[in-house]
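Chain residues, written in single-letter form:
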Amino acid sequence: MFQHRDHLGIENGHLTIGGVDAVAMAEKFGTPLYVTDESRLRANYQRFQSAFPDADIYYAAKANYNLTILKILAQEGAGADVFSDGELFCALKAGISPDRMLFNGNSKTDAELEMAVREGVRVSVDSLDELRMLSKIAGVQGAEVEVAFRVNPDVSPKTHPKIATGLKTSKFGIPHAEVVSAYKEALALKNIKPVGIHCHIGSQILDVAPFAESARKMMELVERVNKIGVELKFVDLGGGLGVPYKPGEKAPSPSELADAILPIFEERTKSLGIAPKLILEPGRYIGADSTILLARVNTVKRAYKNFVGIDAGFNLLLRPVMYDAHHDIVVANKANQSPSDTYTVVGPICESGDVLASDRSLPKVEKGDLLAILDVGAYGFSMSSQYNGRPRCAEVLVCDGKAEIVRKRESYDDLLKNQVIPSRLKG
Ligand SMILES: *Cc1c(COP(=O)(O)O)cnc(C)c1O
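Thresholds applied
- Residues numbered from 1 in each chain as written.
- Predicted model: local features only at pLDDT ≥ 70, side-chain atom pairs only at ≥ 80, totals over all residues.
- Heavy atoms only, no water.
- Helix = DSSP H or I, 4+ residues; strand = E, 2+ residues; numbered from the N terminus.
- Rg over C-alpha atoms; globule rule 2.2 N^0.38 Å.
- Buried < 20%, exposed > 50% of the residue type's maximum accessible area, 1.4 Å probe, protein only.
- Contact = heavy atoms within 4.5 Å.
- Areas by Shrake-Rupley, 256 points an atom, 1.4 Å probe, with all protein chains shown as cover.
- Lys, Arg positive; Asp, Glu negative; His and termini not counted.
- Charge placed at Lys NZ, Arg CZ, Asp CG, Glu CD.
- Disulfide = S-S within 2.5 Å.
- Near = heavy atom within 4 Å.
- Polar contact = N/O pair within 3.5 Å; in protein donor to acceptor, adjacent residues only side chain to side chain.
- pLDDT = per-residue confidence, 0-100.
- Core = buried A, V, L, I, M, F, W, Y, C linked by side-chain atoms within 4.5 Å.
- Phe/Tyr/Trp six-rings, centres within 6.5 Å; stacked < 30°, edge-to-face > 60°.

When helices and strands are counted, the protein shows 12 helices and 21 strands. Its C-alpha atoms give the protein a radius of gyration of 23 Å, within 12% of the compact-globule value 22 Å for 427 residues. Oriented by its inertia axes, the alpha-carbon framework of the protein measures out at about 65 × 65 × 40 Å. Relative to its 427 residues, the protein shows a buried fraction of 55%. A sequence separation of at least 24 residues applies to 69% of the contacts in the protein between residues at least 6 apart. Counting only carbon and sulfur atoms, one obtains 50% of the accessible surface of the protein, whose full area is about 18500 Å². Of the side-chain charges in the protein, 51 are positive and 54 negative, and the distance between the mean point of each set is 3 Å.

Further remarks concern the state of the cysteines. Counting across every chain of the model gives zero disulfides. Here Cys393 is not cross-linked by a disulfide; its sulfur's nearest cysteine counterpart is in Cys90, at 17 Å.

With respect to spatial proximity, 16 residues lie near the ligand, and among them Lys62, Ser203, Glu281, Arg284 and Tyr379 are the closest. Between a nitrogen atom of the ligand and a side-chain N or O atom of Asp81, the distance comes to 3.0 Å. In this structure, an oxygen atom belonging to the ligand sits 2.3 Å away from a side-chain N or O atom of Ser203. When isolated, the ligand has an accessible area of 390 Å², and the protein chains bury 96% of it.

We now examine the confidence of the model for the protein. Averaged over all residues, the pLDDT of the protein equals 97, while 100% of them reach at least 70. When mean pLDDT is taken per element in the protein, strand 4 (residues 33–37) scores highest with 99 and strand 10 (residues 174–175) scores lowest with 93.

This brings us to the nonpolar core. Core analysis: the largest hydrophobic core is formed by 81 residues, its most contacted members being Phe48, Phe52, Val123, Leu134, Ile197, Leu237 and Ile261. The greatest single-element share of this core, amounting to eight residues, is contributed by helix 8 (residues 209–227). Here Val123 is in contact with Leu102, Phe103, Lys108, Leu113, Ala116, Glu130, Leu134, Val145, Glu146, Val147 and Ala148, once residues within four sequence places are set aside. Val35, Ala332, Ala335 and Val396 belong to the second largest nonpolar core, which has 24 residues in total.

Turning to the packing of aromatic side chains, a few remarks are in order. A ring pair, where both rings are aromatic, is described by two values, the distance of the centres and the angle of the planes. For the structure on display, the rule yields six aromatic pairs. Taking 5.8 Å as the distance between ring centres and 55° as the angle between the ring planes, the aromatic pair formed by Phe48 and Tyr285 counts as tilted. With Phe48 in helix 2 (residues 38–51) and Tyr285 in helix 10 (residues 284–287), this residue pair connects regions lying 237 residues apart in the sequence. For Phe48, a relative accessible area of 2% puts it in the buried group. The exposure class assigned to Tyr285 is buried, which follows from its relative accessible area of 11%.

If you want it as structure tokens, here you go:
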């Protein structure tokens, strides 16, 4: 019924997640509502880790940096790839050890670099400018900071252009041809110790070939960098493994990814007689299918299309609008009914682009029905906003047949938070 998604089921005609009735959760906690299945999240992590038993897994926090999610993954042994001071703050709060993190970013502030050095987090350096600043900052703190360079390997994964990050035209990384001289400079700089090399070629990649290509390019660089005297403690090949969002879509498994890249990594490290740690940074793979978004149908309108208006829009799920992403939709209170018509599911936002799903075959949809939008655990809530004056929704975690709130619904007061009215306008 739900293909690979074993954690979803149907009971009494209702969708269940982790064995808990979605309709009952919507009644108890209200809608819109993000619901995550803890066992699925753990199982995804474990599947990835067991495909790479010797590698360190640094979960890409930006996919979903809810503290509870980070804590669960920390329990599983995950480190973190953080892309901002805020993500670093959250990962530390969740108890992830600073020596199991990499601070990434193409445009870090001096304050972010200071924080990374102070917390003892390794930095993936994206430019020579940043390298020189980091050396100064570490000098002021009397510290030595371990760094990697983010390499732009110039490979072209077949994915949405907005999530291809390893093209030579991308804003990320040091151009492939300049990497060796960057390491030379790092070796010469005070308070800097180059110990790693890093790339990340993009996201939602459904073919292992680009991963193999970037692994080969990276291992060539490893050899060249090794020759100039850099002692590499780690090689970080990033994240990007895709998941099957669409019916019938095929995505490589972590073990297929391992088959494609581990031989390349192992063969070259062996021939060089070095033993750097392999690091991988999956985000989407860990979270995506663990979570659904429940939304209530406000209205059904036959117009140019058969529009279903729900209470969640791109304020809560940006992916369809931002990346033309597909998310499967289930009518949660009619989960065992057959499709009867074609519907276009739209949000309540005052933008004609606020379309979450176009032309879907669904059972007869009526006002008051509950829709479940599937696979929203990565880049879902973490990309949400308060646009249109809509407080963000609650998040719930399901475990052992129980549902608990892990983030409260925002209130109107949250819309006003931090706003200051100049006193001349008061009264
Ligand atoms: C976003 C990102 C990831 C995670 O990508 P996924 O496609 O979610 O696996 C990993 N590393 C870096 C540097 C990233 O920016």
